[in-house]
Amino acid sequence: MNRLLKRPSNPLIIPLLLGLLLSGCANQLFYHPDKEDYRSPRQDGYTFEESYFESEDGTKLHTWRIPAIGEEKGSVLHFHGNAQNLSSHYAFVSWLPKNGYTLYLFDYRGYGKSEGVTSRKGLYQDSVAALRYFEKQTEGKTSPRFVIAQSLGAANAIVAIAQTSDLKIDGIVSDSAFSSYQAIASEKLGKSPLKLSLPLLVSSGFDPIDWVDKLDGTPIAFVHGTADKVVSDKHVDLLYAKAKHPKLLWIIEGGQHTNALTTNREIFIPRILRFFDQCTSNDFPENEPEPSPASDS
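Residues numbered from 1 in each chain as written. Predicted model: local features only at pLDDT ≥ 70, side-chain atom pairs only at ≥ 80, totals over all residues. Heavy atoms only, no water.

- Under an unreviewed UniProt entry, the name given to the protein is Alpha/beta hydrolase, and the organism recorded is Pelagicoccus enzymogenes.

1. Side note on the sheet that holds strand 10 (residues 247-252)
Argument step 1. Reading across the sheet, the 8 strands line up as 2-3-6-4-7-8-9-10 and stay open at both edges, with mixed pairing between neighbours. What marks the edges here is a single partner per strand, and that holds for strand 2 (49-54) and strand 10. Each adjacent strand pair in this sheet contributes to an overall mean axis angle of 20 degrees, direction not counted.
Argument step 2. Bridge analysis of strand 4 (residues 74-79) against strand 7 (residues 145-150) gives 5 bridges, and the strand direction is parallel. (Pairing = 2+ DSSP bridges. Helix = DSSP H or I, 4+ residues; strand = E, 2+ residues; numbered from the N terminus. Axes fitted to C-alpha atoms, helices over the stretch in contact; angles between N-to-C directions.)

2. Regarding the pattern of salt bridges
Argument step 1. For the structure on display, the rule yields 9 salt bridges.
Argument step 2. We note a salt bridge from Asp166 to Arg132, for which the minimum N-O separation is 3.0 Å. Remark: Arg132 occurs in helix 3 (residues 120-137) and Asp166 occurs in the loop between helix 4 (152-162) and strand 8 (171-175); sequence separation between them is 34 residues.
Argument step 3. Salt-bridge contacts for Asp213 lead to Lys214; the nearest nitrogen and oxygen are separated by 3.2 Å.
Argument step 4. Salt bridges here are not isolated pairs; linked through shared partners, they connect Asp57, Arg109 and Asp126. (Salt bridge = Lys/Arg side-chain N within 4 Å of Asp/Glu carboxyl O.)

3. Focus: the packing of aromatic side chains
Argument step 1. Under the counting rule described, the total for this entry stands at 17 aromatic pairs.
Argument step 2. Aromatic side chains Tyr101 and Phe146 sit 6.2 Å apart centroid to centroid with 70 degrees between the ring planes, which places their arrangement in the edge-to-face category. With Tyr101 in strand 6 (residues 101-106) and Phe146 in strand 7, the pair connects residues that are 45 residues apart, well separated along the chain. Both residues of the pair, Tyr101 and Phe146, belong to the buried class.
Argument step 3. With 5.3 Å between their ring centres and 70 degrees between their planes, Tyr104 and Phe134 make a pair best called edge-to-face. Residue Tyr104 is located in strand 6, and its partner Phe134 is located in helix 3; the two are separated by 30 residues in the primary sequence. (Phe/Tyr/Trp six-rings, centres within 6.5 Å; stacked < 30°, edge-to-face > 60°. Buried < 20%, exposed > 50% of the residue type's maximum accessible area, 1.4 Å probe, protein only.)

4. Side note on the pairing of strand 3 (residues 60-66)
Along a regular strand, successive side chains alternate from one face of the sheet to the other.
Argument step 1. Of all 7 residues in strand 3, 6 are buried, a share of seventy percent or more.
Argument step 2. With 6 bridges connecting them, strand 2 and strand 3 associate as antiparallel partners. Bridge pairing in strand 3 places Glu49 opposite Arg65.
Argument step 3. From the end of strand 2 to the start of strand 3, which pair antiparallel, there are 5 residues, and Gly58 there has a positive phi angle of about 95 degrees.
Argument step 4. As defined by bridge partners, strand 3 adjoins strand 6 across 4 bridges and the pair is classed as antiparallel. Across the sheet, Thr63 pairs through a bridge with Phe106, a residue of strand 6.

Written out as structure tokens, the structure is:
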């Protein structure tokens, strides 16, 4: 579930990557979709609705809506990571409905029951379409709208939200995001000679580092583990430094990739719920002090 580009350790991988370079397909190494059914909300006692909406180019995308239990406090749209599909990533956010939040999940093109073939531009279009679908579904409600996004999903969400300033998102949780596609590819290539050809191997574009400062005042909480072997914590340092206030930084000492909502749920579920409350009450200082590496500002 937590894969991005893998660092080539086998010499036989180098010719394969060279072939991908020549064919222009290296960008596809970021995506690992499948069509398995992993878990249903019914297993957690929830009712839910399955439906489809169209991406910007007409591609049909699969979505779940899980209503809040009891009085609705708000709605949350989840942007999942790069592997499997929404039915596996649902486990990260399954706690939201019983805490009063209606939960929306969707699959990018090529994932699960969604149509199409994965591509960076396509996933960006899907992310924008998901935000517009989310707005339409929650239209007329006075309760707030939030986004929880993880790994590749966080990279997509930051760019899509920044480029749709006409839509109202009240707060973002960005878990284990990378700063740019070329930066994460550079880490995985290590000392490989292919690194010299990185601009050709992995293109730039739709990079969160170019858009995180354009979130138009939307509060954002960054989460990252210091032992993340998939996306190093250097990425969150770059994103946090460029983001504008209001912003928070939650560092998990010794944490692995997307650990906040697995082995650290007891800490981060209450923290995220508190963050949602802060977003709706505007309880953020105008000049929040920079946090120390292990702080939870």
